Amino acid sequence: MEPLSKGYEHQEVEARWYPIWRERGYFKAADTSDAEPFCIVIPPPNVTGVLHMGHALTFAIQDAMVRFARMEGKNTLWLPGTDHAGIATQMVVERELGKEGRSRFDLGRDAFIDEVWRWKDKSHGRITEQMTALGVSVDWDRERFTLDEGLSRAVRTVFVRLYEEGLIYRAQRMVNWSPAIRTVLSDLEVEEKELKSHLWHIAYPVNGTDERLVVATTRPETMFGDTAVAVHPEDERYRHLIGKTVRLPLTDRDIPIIGDGVAVDPAFGTGALKITPGHDFSDFETGLRNELPVISIMTPDAHLNDNVPPAYRGMERFAARKQVVEELEAQGFLVKIEPYTHKVGHCQRSGVVVEPTVSMQWFVRTKPLADPAIQAVRDGRTVFVPASWEKTYMNWMENIRDWCISRQLWWGHRVPVWYCTAAGCDGMIVALQDPAPDACCPKCGATGLRQDEDVLDTWFSSGLWPFSTLGWPEDTAALKTFYPTTVMETGFDILFFWVARMMMMGLHFMGDVPFRTVYLHAMVRDEHGLKMSKTKGNVIDPLEIVEDVGADALRYTLVTMAAQGRDVKLSLDRIRGYRDFINKLWNAARFTFMNLEDFAGPATMPADGDLAPADRWILTRLNEAMVQARTALAEYRYNDAANVLYHFVWHRFCDWYLELSKGALAEGGARRRTTQAVLAIVMDQCLRAMHPLAPYVTEELWQRLRAVLGDTPDSIMIASYPTGEGVPGFADAAQAMDEVLDVISAIRGIKAQLGIPPSEAVDVIVRPHQDEVAAHLKAHEDDVSRLGRIKALRIDAQATRPAGAAVAVGNHADCYVMVGADRLASEVARLTKERERAEKELAGVQRKLSNEQFLEKAKPEVVEGEREKAEELTATLARLGEALGALAG
């Protein structure tokens, strides 16, 4: 067996194995197979640039899913692809053009789209390189793009069918408008931010009286679009004014006073409400109820238009606000100004305040689509992991509003509608294919049609992803085999954007749910729980980490920390810790292989009678670990699987069994051969169990181990996942060994705490709690002395603590380690001082957390950080208390 290098060289191993896996076709699935299908369609990354740590988490979890499924013998498809990401990609390319002093309008639509395609090709290449570096085992032959020919056909088919079914319609509606991007946004693309602003109280003179009706508003600049003032019909203060009119300040226009019990809360503000149907969602509905005219006063870039007095035309909306307030005050209409904090919608992409605007747009009537998607979850046809997200999904779906699907962009799926250009005709064609150049209007018969300028919301095409990527609308073999897909793994932040819409579209067009399970992972944050961003300087680049420590270390870290429902708080130290774990595995294999050089194999399980107590112990714990790891993976508890394997490999196999095996290996003969077989069996099962989580290092080591394993597949990728079957268990023998190892650990712990070098031998007295424990310890007296570095060992059930001894009180025995009175006193003084410091720091943190002003004003992540600090300090104090008890008690 070829010897291993002293350390794991991840770059060399990763560069060698990925091309081999791909060339041998291990990533491919079969359209027809007798094996159980397992399918994941990848959440398609946007072609906007490079992948971030959130993508790395997604890929780490999904690759664990698909590699585990392959090893379980399933016909496994992991389908890759990328998303055209309309708004995001167009913004990126426009920014690039801006650096050259150009805009999309300089290029024109066709030339700009060509520019975006060039960007897409460049970005796609980078994304593919990054996915390859992370080791993702996707079926590259099936890769899709949301604007490729097949998916474009699917998008048009869905649009036409929904239109024909009356589920897509065009209407004037109040929408969220982004002045920066100059497009409409869906509700989900609007981020509510709390702003400190004002309530301006403005007096509207009541015509024919001396009264003035005072309204309170956060947007005085929109008063030019007011078409009424509303009061509650039962409000005694204003009921007599209903039916009268007021003069709109700063204009020569009169507007009516109306009674509306829906819109007006008499207790809010003044109890009188200015109604601006053209720039407020609630006011738009009030306008519809009361048949009020709609006046739009904004241009697409949020400047005031010609529907306002000449002095304000062309002014930016916030500059106009300032000017309006000054003029209102100058003319005596401004009654007072109050500080007011409220939430204001911002464009997620640009960060600019959105402008509610009435516009002609295309909408999906969502309730008929949402109802079956709600019922499917109620029936358990799709389940959520964690289950807590089901309630969130249900709440949104049960209160869903119609979905605005048109966007005023150039990059994307263009709305497949053509309008008649004849004067006065509103005829149009909704079609799968572009009409012929000489096509006639179906209404008036005139030739000359123009296509709708808008494109469809990115999420419209993404919502079809689970079935469009499998060939729909064609009835393909892949569609029959892999739909419904097995699991949708994605971030909780796109539950409504994407998951809910896939549910609606899948049920409507395929008659079944798009996936059986929705696994929602949390966010990747920095070690303090803060969101990663370039401005904060806390971004961790996954590709830099892969280059530095390897894909396996990064993937294992992410999976270990991705507990269901909890954010991943990532730090470089944590990643380096798992790099050390990968190296630990490598070095364990190095030791194993060095001691297998004279072992011919195949490694079969030795007879029970040939197994030493250490062998029986490690095999028992191996059986348990394999069962626990497989169960955890099957139940989507990837962090539990990772932790079980980490604990077994590091703390049982490496820390103990390798040490315990050295005597048997040195003894030679039958004892050596038995130990060699056990080493090979344990290493084989550990490598196969870890493969879904750390694919590269496990493949490299397993290939070298194959020489002694007998008949094996060509790759660990297609080997079977261990189930614990065939590995015997010896509960009593394992328990006895645990008692021995606990004692050795206690002795080592005392020495480490006092700074005694591991090689320094000490005198130890062990007081077993039970006769059985005493017997086990005496049977392994040589191991205890050797591994505990003990000069003189006494096992005595009647022993008492001698002077100058540190004590470790264990579950099975108490250990008295002779360290000397001076050393003991010095350590007690140091720990006492450390405890006092921790108590003082904890008191300060607790004062903060009991301060209501701090809790109200501090950012949530700061409060959470203080709570975590309190938990850490409490744990530190508990540890210090135990240590002092061991030394001074």
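Preceding this paragraph is the structure being described.
This write-up is about the structure you can find in this document. (Residues numbered from 1 in each chain as written. Predicted model: local features only at pLDDT ≥ 70, side-chain atom pairs only at ≥ 80, totals over all residues. Heavy atoms only, no water.)

### Regarding the environment of Glu489
Secondary-structure assignment places Glu489 in strand S22 (residues 485-491). Overall, Glu489 belongs to the buried group, its relative accessible area being 0%. Here the side chain of Glu489 touches His521 through a polar contact of 2.4 Å, side chain to side chain. (Helix = DSSP H or I, 4+ residues; strand = E, 2+ residues; numbered from the N terminus. Buried < 20%, exposed > 50% of the residue type's maximum accessible area, 1.4 Å probe, protein only. Polar contact = N/O pair within 3.5 Å; in protein donor to acceptor, adjacent residues only side chain to side chain.)

### Concerning the sheet that holds strand S10 (residues 245-247)
Reading across from one edge, S10-S11-S9-S12 is the order of the four strands in this open sheet, with mixed pairing throughout. This sheet does not close on itself; its edge strands, each paired only once, are S10 and strand S12 (272-275). Across the sheet, the mean angle from the axis of one strand to that of its neighbour is 30°, orientation sign disregarded. As judged from the three bridges shared by strand S9 (residues 228-231) and strand S11 (residues 254-259), these two strands associate in the parallel manner. (Pairing = 2+ DSSP bridges. Axes fitted to C-alpha atoms, helices over the stretch in contact; angles between N-to-C directions.)

### Re the side chain of Lys274
Its location among the elements puts Lys274 in strand S12. A residue is classified by how much of its surface remains accessible, and Lys274, at 5% relative accessible area, is buried. At 2.9 Å, the side chain of Lys274 and the side chain of Asp226 are in polar contact. A polar contact of 3.0 Å, which involves the side chain of Lys274, links it to the side chain of Thr276.

### Regarding helix H17 (residues 572-594)
For H17, built from 23 residues, the straight-helix expectation of 33 Å at 1.5 Å per residue is met to within 8% by its first-to-last C-alpha distance of 33 Å. Along H17, the residues classified as buried are Ile575, Tyr578, Phe581, Ile582, Leu585, Trp586, Ala588, Ala589, Phe591, Thr592 and Phe593. Next to the buried residues of H17 lie helix H15 (542-549), helix H16 (551-561), strand S25 (568-570), helix H19 (638-667), helix H20 (669-690) and helix H21 (695-705). (Expected span 1.5 Å × (residues − 1). Contact = heavy atoms within 4.5 Å.)

### Concerning unusual backbone geometry
Backbone geometry follows two general trends: most residues other than glycine have a negative phi, and most peptide bonds adopt the trans configuration. A cis amide bond links Val385 with the next residue in sequence, Pro386, at an omega value of -5°. Secondary-structure assignment places Pro386 in the loop between strand S15 (383-385) and helix H10 (389-398). Look at the link from Tyr483 to Pro484: it is a cis peptide, with omega at 0°. The phi torsion at Glu291 lies on the positive side, around 55°, for a residue other than glycine.

### Regarding the pairing of strand S29 (residues 813-818)
A large share of S29 lies buried, amounting to five of its six residues. Pairing of strand S26 (residues 762-768) with S29, which is carried by five bridges, proceeds in the antiparallel orientation. The partner of Val766 across the bridge, within S29, is Cys815. Taken together, the five bridges between strand S28 (residues 805-809) and S29 define a ladder with antiparallel strand orientation. Among the inter-strand pairings, Ala805 is bridged to a residue of S29, identified as Met818. If you look at the hairpin formed by S28 and S29, you'll find three residues sitting between the two strands.

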